[in-house]
Amino acid sequence: MTNSATARQVAHDTTFAVLFAISFSHLLNDMMQSLLPAIYPSLKADFHLSFTQIGIITLVNQITASLLQPAVGHFSDLKPRPYSLATGMVATLIGLVLLSVAGSYAMILFSVMMIGVGSAVFHPESSRVARMASGGRHGLAQSLFQVGGNTGSALGPLLAAALVASYGQRSVAWAGGLALLAILILYNVGTWYKHHGLARLRGHRAHDAHGLPRGKVMLSMGILLMLIFSKYFYLASITNYYTFYLIHTFHLSVRSAQVHLFIFLAAVAAGTLAGGPLGDKFGRKYVIWLSILGILPFTLVLPYANLFWTSILSIIIGMGVASAFPAIVVYAQELLPGRVGMISGLFFGFSFGMGGIGAAVLGWLADQTDITFVYKVCAFLPAIGLLTMFLPNIGSHKRSAVPVVDLEP
């Protein structure tokens, strides 16, 4: 077999062992990240914090990740660093340990900033690894990668209920064990990245040209970022304030409210898993249409529903809004082929930034009005999905050949 034929074969193998490893690492990473909103009621009571201060905690964590992620992705495009994944997880470990012993609001902010640094390194590089291992099934690979994170986010409140609610702030240090496990896995992923992944990424690039003019590409990128704004501002209202909303509106206990948050986040995980493969099969633009604009009727009804229908609507909304992100990321990667790290860093970073700004703005709004009013305002955000009509149709809907499935790294 010639060298060119070998390169093509490598590019079309789907390495599920690596995809599962990076997905599980994403689960561990986002489980640790999701401890933050899950322990907000405890921090609010212990440190006498306002909703605005709660929002600032999320802002510091997510703005740190938002600002650093595009830079990390850009520099890794220029000079890949396979072991940066394990190195970044060390920052998360340090942040968790500091958070467990924080005795002041300032120390809490520094701790969550360190956790944000770890996330800034993890997401663009892990998204690159998912594309390397995809064998051309880019949507499927992004969904598998991202569903790990969504699953971790869903498990985070349960971990908090078991640890923090029972044993207090210091129990956060036990989550450091998850960081140590992630470091071990990511070191091995880095070894595969170094010896096999880079060749696969070069093999993918040859098939990614779309022929769109630069102006159309930039307009499409702007539209995609507006869709991310819509998605993550709305998600900020759920992930950061859903427990407060349920406690205020339906008089639930903290534990019961966290279970409802888990149900919503589990629905987000299910939607993420479906979004990528559906985009591969039917086209990413159609998935984006359905997932952003399609949830508008349900978000409009949510603030007026009873507890039972609130739970049902939250599941529908979670599945719908989550299915957009894998399609959006892969669509953007196809718009700018060869810039996988920068695009991944930009979109993960922007999503973190919008989540952080959304948490702070919505926290302020909740202080000025009430938490129910916040949900009435956010209900209109999915209408921004109408911008999808201006996106061009790019990429094939189906793979031309059945891929080779490689279960070994």
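Our structure's up above, just so we're on the same page.
Attention in this report is confined to the structure presented alongside it. Every residue gets a number counted from 1 within its own chain, in the order that chain's sequence is written. pLDDT decides what is reported in this predicted model: residues at 70 or higher carry local features, side-chain atom pairs at 80 or more are listed and counted, and totals for whole chains, interfaces and linings draw on all residues regardless. Derived side-chain values reflect all non-hydrogen atoms in the structure, with water molecules and hydrogen atoms excluded from consideration.

Here we take up the overall build of the protein. In terms of helices and strands, the protein carries 19 helices and two strands. Looking at the protein as a whole, 57% of its 409 residues qualify as buried. A fraction of 87% describes how many contacts in the protein between residues 6 or more apart in sequence connect residues 24 or more apart. All accessible-area figures derive from a Shrake-Rupley calculation using a 1.4 Å probe, and residue coverage is judged against the displayed protein chains alone. Carbon and sulfur atoms make up 71% of the accessible area of the protein, which amounts to about 15900 Å² in all. Counting from the N terminus, the helices are DSSP H or I runs at least four residues long and the strands are E runs at least two residues long. Each residue is placed in one exposure class: buried if its accessible area under a 1.4 Å probe, protein chains only, is under 20% of its type's maximum, exposed if it is over 50%, and partly exposed if it falls in between. For this analysis, residues touch if any pair of their heavy atoms sits within 4.5 Å.

Quick look at empty space enclosed by the protein now. Using protein atoms alone on a 1 Å grid, points that fit a 1.4 Å probe yet trap it form a cavity, whereas open point sets bounded by protein on both sides within 12 Å along at least five of seven lines form a pocket; residues with an atom within 4 Å of a point count as lining. Grid points are joined across faces, edges and corners, and a volume is the space filled by probe spheres set on the points. For the structure shown, the criterion picks out two cavities of 30 Å³ or more. Taken together, 32 residues line the largest cavity, and the ones lying closest to its centre are D30, Q62, S153, Y232 and T239. Mapped by element, the contributors of at least two residues to the lining of the largest cavity are α2 (16-33), α3 (35-38), α5 (51-78), α8 (138-162), α11 (214-239), α13 (254-282) and α18 (340-368). Note on residue classes: Ala, Val, Leu, Ile, Met, Phe, Trp, Tyr, Cys and Pro are nonpolar, Asp, Glu, Lys and Arg are charged, and everything else, Gly too, is polar. Looking at the lining of the largest cavity residue by residue, the classes come out as 14 nonpolar, 16 polar and two charged.

Only buried residues count toward a nonpolar core. Its members are Ala, Val, Leu, Ile, Met, Phe, Trp, Tyr and Cys residues joined through side-chain atoms within 4.5 Å. In terms of nonpolar packing, the biggest core is built from 110 residues, with L224, L227 and F347 touching the most fellow members. If you tally residues by element for this core, the top one is α11, at 13 residues. When neighbours within four sequence positions are excluded, F347 is seen to be in contact with M221, L224, L225, I228, F325, I328, V329 and A332.

Turning our attention to unusual backbone geometry. Even without being a glycine, H48 presents a positive backbone phi close to 55°. When you line up the elements, H48 lands in the loop between α4 (40-47) and α5. Backbone geometry places H251, a non-glycine residue, at a positive phi of 60°. You can see H251 is positioned in the loop between α12 (242-250) and α13. The exposure class of H251 is exposed, given its relative accessible area of 67%.

By convention in these notes, a salt bridge is any Lys or Arg side-chain nitrogen within 4 Å of a carboxyl oxygen on Asp or Glu. Across all of its chains, the model carries three salt bridges by this definition. Across the salt bridge formed by R128 and E125, the nearest N and O atoms sit 3.0 Å from each other. Linking R128 with E125, this pair stays in helix α7 (residues 105-132), spanning three residues, or about one helical turn. Residues R128 and E125 agree in their burial class; the two are buried. In this structure, D280 engages R284 in a salt bridge whose closest nitrogen and oxygen atoms are separated by 2.9 Å. R284 carries the same exposure label as D280, and that label is buried. A single salt-bridge network, built from bridges that share partners, covers D280, R284 and E334.

The next subject is the packing of α5 against α18. Interaxial angles span 0 to 180 degrees and are taken between N-to-C directions of axes, which are lines fitted to C-alpha atoms, for helices over the stretch in contact. Packing of α5 against α18 brings their axes to within 7 Å, and their N-to-C directions diverge by 170°. Between α5 and α18, the interaxial angle falls into the category roughly antiparallel. Split into classes, the residues belonging to the contact of α5 with α18 amount to 15 nonpolar, 17 polar and two charged. Under this scheme an angle from 65 to 115 degrees is roughly perpendicular, one under 35 degrees roughly parallel, and one over 145 degrees roughly antiparallel; angles in between are oblique.

Further remarks concern the packing of aromatic side chains. Aromatic rings from Phe, Tyr and Trp, taking only the six-membered ring of Trp, are treated as a pair when their centres fall within 6.5 Å; an angle between ring planes under 30 degrees marks them as stacked, one over 60 as edge-to-face, and anything in between as tilted. Counted according to the given criterion, the structure contains twelve aromatic pairs. Taken together, a centroid distance of 4.5 Å and an interplanar angle of 40° make the contact between Y245 and Y375 tilted. With a gap of 130 residues between them, Y245 in helix α12 and Y375 in helix α19 (residues 371-378) connect regions that are remote in the sequence. In terms of burial, Y245 and Y375 fall into one category: buried. Two thresholds decide whether a charge sits over a ring: the Lys NZ or Arg CZ must be within 6 Å of the ring centre and within 35 degrees of the ring normal. Here the guanidinium or amino end of K231 rests over the ring plane of Y232, the centre of that ring lying 4.9 Å away.

Here we come to the layout of surface pockets. Quantified by volume, the second largest pocket comes out at close to 190 Å³. As for the second largest pocket, its lining consists of A270, G271, A274, L278, F282, Y286, V287, L290, S291, M319, G320 and S323. When residues of the lining of the second largest pocket are traced back to their parent elements, those giving at least two are α13, α14 (284-293) and α16 (307-322). In terms of residue count, the dominant contributor to the lining of the second largest pocket is α13 (five residues). Taken together, the residues that form the lining of the second largest pocket break down as eight nonpolar, four polar and no charged.

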